Amino acid sequence: MVIGGAGFIGSNICKYLVENGHSVDCIDNFSTGRRASISSLEGSRSFRIIEIDISDPDFVSEFGNEKYDEIFHLACPTGVPNIRPMAEEMLVTCSTGTSNVLKLAKRLESKLIFTSSAEVYGDPETFPQSETYNGNVDPVGPRSAYEEGKRFSEALIAMYVNKYQIDAKIIRLFNTFGNGMSPDDTRVIPQFLKRIRLGQKITIYGDGNQNRAHMHVQDLIRGMLLVLERGVPGEAYNIGGSTQMTISELALLIDSLTSMPVEIEFRPHFIEDHGGRLPDTTKIRGLGWSPRVTIAEGLLEMMPNYGVSAIDSASPETCETFELLSVT
């Protein structure tokens, strides 16, 4: 079962699992997920789409007679612009929804992996952020619906592991990108590519000095499967990129990788933003994981699918960029 399977990460997981011989039920209420993301799988006899909200009171009974070896719980609206308009959906999904998923996992004795977020660290004051860092959070702040929702889900999972001994693990995702993101996704990379395709200026909110550590979705999937198989129940694992980059540097990198004109404009941010994120990935590296796809490689792979032409050959300057952004 892949909950939130029509979203960016969920659809990539569904495709990976089906391609590797698994039978997959994709669960989604399509509040932000897209059928187009999983349309290539709809003809497969190993794949089903089931439209239901995990917060529905009948969710557990709906699947109580099924058998799932593994449940991937990715359900929750994402994207900073969605925090205010979908705050209630975020909180209900992370509370009632996660409670229902845990009840189902307990009944069916399924392994469970939950996708939490770097947002549980709030606006961090410690770099890099390890899993033992409790964060710098505001429970009633403008980003609290997503941050506190994910933190509450983690607490529920820890309780179920301790009380009922279910096999559930937590991964804390940092900024992830790659093919499968909606062209209208509100996250920074698809928004940049969309504006380039439309001949519009790239918009950077704030001063552009906010830094992030982007990770390719295929690296995420490998890490998620490792945690599912080798992780300790009830514990959290950071999964994220190892290269810290400001939003302005990201825009300049994209400019260096496309043959299309790029202009940049700065606007005041529409919500309180976090100054930086950088995961300490020591714990998951101990399971045998390391990222393989550089930011530049991932962007070059994405661009043609988002209507942005990539450079034909790498200039000496771009080669230096590739070396700078090497995952090693």
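A quick note: this is a predicted structure, and the numbers were derived from the prediction, not measured.

Visitor: So what's going on with the pattern of salt bridges? Which residues, and what values?
Guide: In this structure the tally under the stated criterion is 14 salt bridges. Across the pair Arg-35 and Glu-51 runs a salt bridge whose closest N-O atoms are separated by 3.4 Å. In this pair, Arg-35 sits in the loop between β2 (24-28) and β3 (47-51) while Glu-51 sits in strand β3, placing the two residues 16 residues apart along the sequence. Judged by relative accessible area, Glu-51 falls into the exposed class, the value being 53%. Of the charged contacts in the structure, one is a salt bridge between Arg-172 and Glu-154, with a shortest N-O distance of 2.7 Å.

Visitor: Provide a residue-level description of the sheet that holds strand β5 (residues 111-117), including the pertinent values.
Guide: Strand order in the open sheet formed by 7 strands is β3-β2-β1-β4-β5-β6-β11, and the pairing between neighbours is parallel. Here the strands that pair on one side only, and so sit at the sheet edges, are β3 and β11 (236-239). Note that strand β4 (residues 70-73) and β5 share 4 bridges and pair parallel. Pairing of Ile-71 across the sheet is with Leu-112, part of β5. Sitting on the sheet, helix α3 (residues 87-108) touches β1 (2-3), β4 and β5, and the angle it makes with β4 is about 175 degrees.

Visitor: Account for a nonpolar patch on the surface, naming residues and giving values.
Guide: Residues Leu-252, Ile-264 and Phe-266 make up a contiguous nonpolar surface patch of about 280 Å² in total accessible area. Locating Leu-252 in the fold gives a position in helix α7 (residues 247-257).

Visitor: Report on unusual backbone geometry, specifying residues and quantitative values.
Guide: The omega torsion of the bond from Phe-127 to Pro-128 falls at -10 degrees, within 30 degrees of zero and hence cis. Tracing the sequence through the fold places Pro-128 in the loop between β5 and α4 (144-164). Phi angles above zero are rare outside glycine, and Gln-165 is one such case at about 55 degrees.

Visitor: Explain the nonpolar core to me, using residue names and the numbers behind them.
Guide: Formed by 55 residues in total, the largest nonpolar core has its most connected members in Ile-13, Phe-72, Ile-171 and Leu-299. Counting residues per element, this core draws most heavily on helix α6 (residues 217-230), at 7 residues. Apart from residues no more than four positions distant in its own chain, Leu-299 is found in contact with Phe-177, Ile-189, Leu-250, Leu-253, Ile-254 and Leu-257. Among the nonpolar cores identified, the runner-up in size contains 27 residues, and Met-1, Ile-50, Leu-108 and Leu-112 belong to it.

Visitor: Go over the packing of aromatic side chains, please, and point to the residues and values.
Guide: Counting across every chain of the model gives 5 aromatic pairs. Look at Phe-59 and Phe-63: their rings are 5.2 Å apart centre to centre, the planes differ by 55 degrees, and that puts the pair in the tilted class. As far as burial versus exposure is concerned, Phe-59 and Phe-63 are alike and both buried. Ring geometry for Tyr-121 against Phe-174: centres 6.3 Å apart, planes inclined by 35 degrees, an arrangement best described as tilted. One end of the pair, Tyr-121, is in the loop between β5 and α4; the other, Phe-174, is in the loop between β6 (168-173) and β7 (176-177), with 53 residues separating them in the sequence. Tyr-121 sits in the buried class, given a relative accessible area of 1%. A relative accessible area of 4% means that Phe-174 is categorised as buried. Members of the aromatic cluster, connected to one another through ring pairs, are Phe-59, Phe-63 and Tyr-68.

Rules used throughout
Starting from 1, residues in each chain are numbered consecutively following that chain's sequence as written. Selection of residues for local features in this predicted model requires a pLDDT of at least 70, selection of side-chain atom pairs for listing and counting requires 80 or more, and totals for whole chains, interfaces and linings are taken over all residues. As a rule here, side-chain values come from all non-hydrogen atoms in the structure, and water together with hydrogens is ignored. By convention in these notes, a salt bridge is any Lys or Arg side-chain nitrogen within 4 Å of a carboxyl oxygen on Asp or Glu. Starting at the N terminus, helices and strands are each numbered in turn, a helix being any DSSP run of H or I of at least four residues and a strand any DSSP run of E of at least two. Burial status follows relative accessibility: with a 1.4 Å probe on protein chains alone, a residue under 20% of its type maximum counts as buried, one over 50% as exposed, and anything between as partly exposed. What makes two strands pair is DSSP finding at least two bridges between them. What makes two residues a contact is simply this: any of their non-hydrogen atoms within 4.5 Å. Think of each axis as a best-fit line through the C-alpha atoms, taken over the contacting stretch in the case of a helix, with angles from 0 to 180 degrees between the N-to-C directions. Without a salt bridge and with relative accessible area above 30%, a residue can belong to a patch; like charges are then joined within 9 Å and nonpolar side chains (Val, Leu, Ile, Met, Phe, Trp, Tyr) within 5 Å. Working definition of accessibility: Shrake-Rupley area with a 1.4 Å probe, residue cover restricted to the visible protein chains. What we call a nonpolar core is a set of buried Ala, Val, Leu, Ile, Met, Phe, Trp, Tyr and Cys residues that are connected through their side-chain atoms within 4.5 Å. The pairing test for Phe, Tyr and Trp rings, Trp by its six-membered ring, is centres within 6.5 Å, and the orientation test on the planes gives stacked under 30 degrees, edge-to-face over 60, and tilted for anything in between.

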